[in-house]
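# Fold and geometry: a report
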Amino acid sequence: MVQKVAVIGAGPSGLTSIKACLDEGMQPTCFESSDDMGGLWKFKEVSEPNRASIYRSLTINIWKEMMCYSDFPIPADYPNYMHHSKILKYFRMYAEHFKLLQCIRFQTSVKKVTQRPDFSRTGQWEVVTEDKDGLEERHVFDAVICCSGHFNYPNLPLKDFPGMETFEGKYFHSWDYKGPEDMHGKRVVVIGIGNSGGDIAVEGSRVAEQVYLSTRSGAWVIRQVSDNGLPVDRFNTRFVHIMFKLLPMSFLNWLGEKKLNAMYDHAVYGLKPKHRLFSQIPVINDDLPFKILSGSVLVKPNVKEIRGSTVFFDDGSAAENVDLIVFATGYNYDFPYLPNDVMYKSGHRVGLYKHVFPPVLEHPTLAIVGFIHSDGAIMPQAEMQARFVTRVFSGHKKLPSSPSMIKAVEKDTKNIEKNYVVSRLTPLQVDFVEYMDDLAKDIGVRPSLLWLFLTDFPLFSRVFWGPITAYQYRLMGPGKWDGARRAIFTQLDRMYQPLRTRKLGPDESSWTGCLIKWSLMMVAGGSAIYYVQVHHPTVIPTLVSKLRPQTA
């Protein structure tokens, strides 16, 4: 029976893993190498080796209702898309509310995690830690949850760019980027068009002489501000998800690409990628199209060669007198504290059952939480993974045999390679809703649409037609939260509240709207009657005669 659990990392995945352990009556100890919680979302002016890093202006590109934990809504007055400082405040509130801080040992690094000699009997692990003074300590745990993330080791592929050694300017990885201060009046090349590359190109273009954005394969770019000015995530509903299952993907790609190109033609803007829209997570950036339109950012193909201060591109064009190159070229992933033989390799990726459990261990007492990539936020996915893990640790959920798990992993790998564009740096992608529902089914918390339809239709309509927020997975089953129904009913109120910073006269606006609608209806109706009377003069008298009451 698992009691003592080591949690490695106090970022968003680590925090929710601590809580999941406490909910199941376990005793978690979290080891955090830095002096604070938050992981990626703890901003520091100087990037620290082997730790995730963010830039000063970073604002999350996921709507707050889609990124919060399932039993702790983000305050209503917080903006819909939050600056990293607000996200860290939310994590602090979450940790304080559920009393997680007492389980965390700060400034304590995990150096090594190994199986105990009696692992085949006990499933226990030995964890070696080191504190800020260099003092090592050995611990024995019944289970280990790794939450160290996958943005810690920047990929800097200098050898892929011939002549890089001749470059006369400065270069760095986006991991080191904090702000555009070094770009004032400079000519800058940004290599890579992911979310970080797009953000850095846009921010740098405000102060640089010229920014070139180099991309090997292009990207689909979507806006956070969607129809009617609402967050684009607002339209991620179960109805939409069902349509994705029923309609051909070729049609959905055509429809989505047509809508995006109606806003800005990706071919004209030099953005059009080689892949279809839903084969890879798109870039989310509201400002990039305008920066391209205004000439502040020039989109270029892949870099072919570098000679001194000149950067040559695959199409034969060149950027001269380049002062700075930013490599937004992704990250390598690693778990340096784990033994190599506990991991199973599948294709480009680390093969994990349900993207959580190594399938080759005799006992399922090691789990990886937060090592996932999808079209949704990491927080609710890590939370669902942690709930699944602790149900397994507590014995309420039994995993299949090792051969069966390996078979499932290989099937997942084939499906990922079939449906998505994958590579060594992006080996894993899942559908957010499908993955959440799959884990929720195993835990016993997936909402039953039929049951809700029969017993609580107002709630059913919000679950089916509304955004797929994590509150839905607290309506029933283990970990049920009494506030889940109310959280679902009030989620749109929390969306609108931070926007209502200027009071309007509701009566005036509503009367004006009604007056316009009725005027349009009367004009349309009058026009229709006039058209029928002119072209079919007998129709209206005939209808009127039929409506007259019959007399004896």
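Being a predicted model, the structure only gives us computed values, none of them experimental.

Broken down by element type, the protein carries 17 helices and 22 strands. Taking the principal axes of the C-alpha coordinates as reference, the protein spans close to 105 × 65 × 45 Å. Across the 552 residues of the protein, 49% fall into the buried class. Across the protein, the 64 positively charged side chains and the 57 negatively charged ones have centroids separated by 7 Å.

Below, the discussion takes up a nonpolar patch on the surface. Side chains of Ile 242, Leu 246, Leu 247, Phe 251, Trp 254 and Leu 255 sit close together on the surface and give an oily, nonpolar patch of about 550 Å² of accessible area. Counting only elements with at least two residues in the nonpolar patch, the list comes to α6 (238–246) and α7 (249–263). Broken down by element, the residue count for the nonpolar patch peaks at three residues, all from α7. By secondary structure assignment, the location of Leu 255 is in helix α7.

An order of β3-β2-β1-β7-β22 is seen for the five strands of this open sheet, with the pairing classed as parallel. Of all the strands in the sheet, the pair left with one neighbour each is β3 (104–105) and β22 (366–368). Relative to β3, strand β2 (residues 27–31) runs parallel, the two being bridged by two bridges. Residue Phe 31 lies in a different strand from β3, and its bridge partner there is Arg 105.

Attention now moves to the domain arrangement of the protein. Per the domain assignment, the segments making up the protein are domain 1 (4–151 + 333–445) and domain 2 (156–329). With both chains or domains summed, domain 1 and domain 2 bury close to 2,400 Å², and 49% of this area falls on carbon and sulfur atoms. Interface area lost by domain 1 to domain 2 is led by Tyr 55, Asn 61 and Tyr 81, which between them contribute 26%. On the surface where domain 1 and domain 2 come into contact, there are three salt bridges. If you look at where domain 1 meets domain 2, you find 20 residue pairs in polar contact (both at pLDDT 80 or more). Per-element tally for the side of domain 1 that touches domain 2: the top contributor is helix α11 (residues 432–443), with four residues. The residue makeup of the side of domain 1 that touches domain 2, split by class, is 18 nonpolar, 10 polar and nine charged.

Looking along a regular strand, one sees side chains alternate from face to face of the sheet. Neither face of strand β7 (residues 143–146) is left uncovered, since the one carrying Ala 143 and Ile 145 and the one carrying Val 144 and Cys 146 both have all their residues buried. One ladder, built from three bridges, connects β7 with β22; its direction is parallel. Residue Ile 145 lies in a different strand from β22, and its bridge partner there is Ala 367.

With antiparallel pairing, the three strands of this open sheet are ordered in space as β15-β16-β17. Either end of the sheet is taken by a strand with one partner, and the two such strands are β15 (303–307) and β17 (318–319). Examined bridge by bridge, strand β16 (residues 310–313) and β17 share two bridges and lie antiparallel to one another. Each residue of the ladder has a partner; that of Phe 312, found in β17, is Ala 318.

Another aspect to go through is the packing of aromatic side chains. Throughout the structure, instances matching the rule amount to 29 aromatic pairs. Cluster of aromatic residues (ring-pair linked, three or more members): Tyr 69, Phe 72, Tyr 90, Phe 91, Tyr 94 and Phe 98. Sitting above the plane of the Phe 141 ring, Lys 4 keeps its charged end 5.6 Å from the centroid.

Here strand β5 (residues 125–131) runs beside strand β6 (residues 136–141); their pairing, made up of six bridges, is antiparallel. Following the sheet pairing, Trp 125 is matched in β6 by Phe 141.

Moving on to unusual backbone geometry. The backbone of Asn 321 shows a phi angle near 55°, a positive value even though the residue is not glycine. Tracing the backbone shows Asn 321 in the loop between β17 and β18 (324–327). Here Lys 354, not a glycine, exhibits a phi torsion of approximately 55°, which is positive. Structurally, Lys 354 can be placed in the loop between β21 (349–351) and β22.

Attention shifts here to helix α5 (residues 195–205). Spacing of three or four residues puts side chains on the same side of an α-helix, whose turn is 3.6 residues. Within α5, eight of the 11 residues are buried, which leaves it mostly tucked inside the rest of the structure. Within the sequence span of α5, burial applies to Gly 197, Gly 198, Ile 200, Ala 201, Val 202, Glu 203, Gly 204 and Ser 205. Close packing links the buried residues of α5 with β10 (187–191), β11 (210–214), α8 (288–293), β14 (297–300) and β18.

This brings us to helix α9 (residues 378–393). The terminal C-alpha atoms of α9, which comprises 16 residues, lie 22 Å apart, in line with the 22 Å expected from a rise of 1.5 Å per residue. Among the 16 residues of α9, 15 are classified as buried, and the element is accordingly described as predominantly covered.

Moving on: the packing of helix α1 (residues 12–23) against helix α3 (residues 84–97). The contact between α1 and α3 brings their axes to 11 Å, and the two run at 15°. Relative to α3, the element α1 lies roughly parallel. By crossing handedness, the relation of α1 to α3 is classed as left-handed. On α3, the residues touching Pro 12, Leu 15, Thr 16 and Lys 19 of α1 are Phe 91, Tyr 94 and Ala 95. Here the contact of α1 with α3 is composed, by residue class, of five nonpolar, one polar and one charged.

Conventions and cut-offs
- Residues numbered from 1 in each chain as written.
- Predicted model: local features only at pLDDT ≥ 70, side-chain atom pairs only at ≥ 80, totals over all residues.
- Heavy atoms only, no water.
- Helix = DSSP H or I, 4+ residues; strand = E, 2+ residues; numbered from the N terminus.
- Buried < 20%, exposed > 50% of the residue type's maximum accessible area, 1.4 Å probe, protein only.
- Lys, Arg positive; Asp, Glu negative; His and termini not counted.
- Charge placed at Lys NZ, Arg CZ, Asp CG, Glu CD.
- Patch = residues over 30% accessible without salt bridge, like charges linked within 9 Å, V, L, I, M, F, W, Y side chains within 5 Å.
- Areas by Shrake-Rupley, 256 points an atom, 1.4 Å probe, with all protein chains shown as cover.
- Salt bridge = Lys/Arg side-chain N within 4 Å of Asp/Glu carboxyl O.
- Pairing = 2+ DSSP bridges.
- Domains from an automatic or database assignment.
- Buried area = accessible area lost by both parts, 1.4 Å probe.
- Polar contact = N/O pair within 3.5 Å; in protein donor to acceptor, adjacent residues only side chain to side chain.
- Nonpolar A, V, L, I, M, F, W, Y, C, P; charged D, E, K, R; others polar.
- Phe/Tyr/Trp six-rings, centres within 6.5 Å; stacked < 30°, edge-to-face > 60°.
- Lys NZ or Arg CZ within 6 Å of the ring centre and 35° of its normal.
- Contact = heavy atoms within 4.5 Å.
- Expected span 1.5 Å × (residues − 1).
- Axes fitted to C-alpha atoms, helices over the stretch in contact; angles between N-to-C directions.
- Parallel < 35°, antiparallel > 145°, perpendicular 65-115°, else oblique.
- Left-handed = near helix turned anticlockwise from the far one by under 90°.

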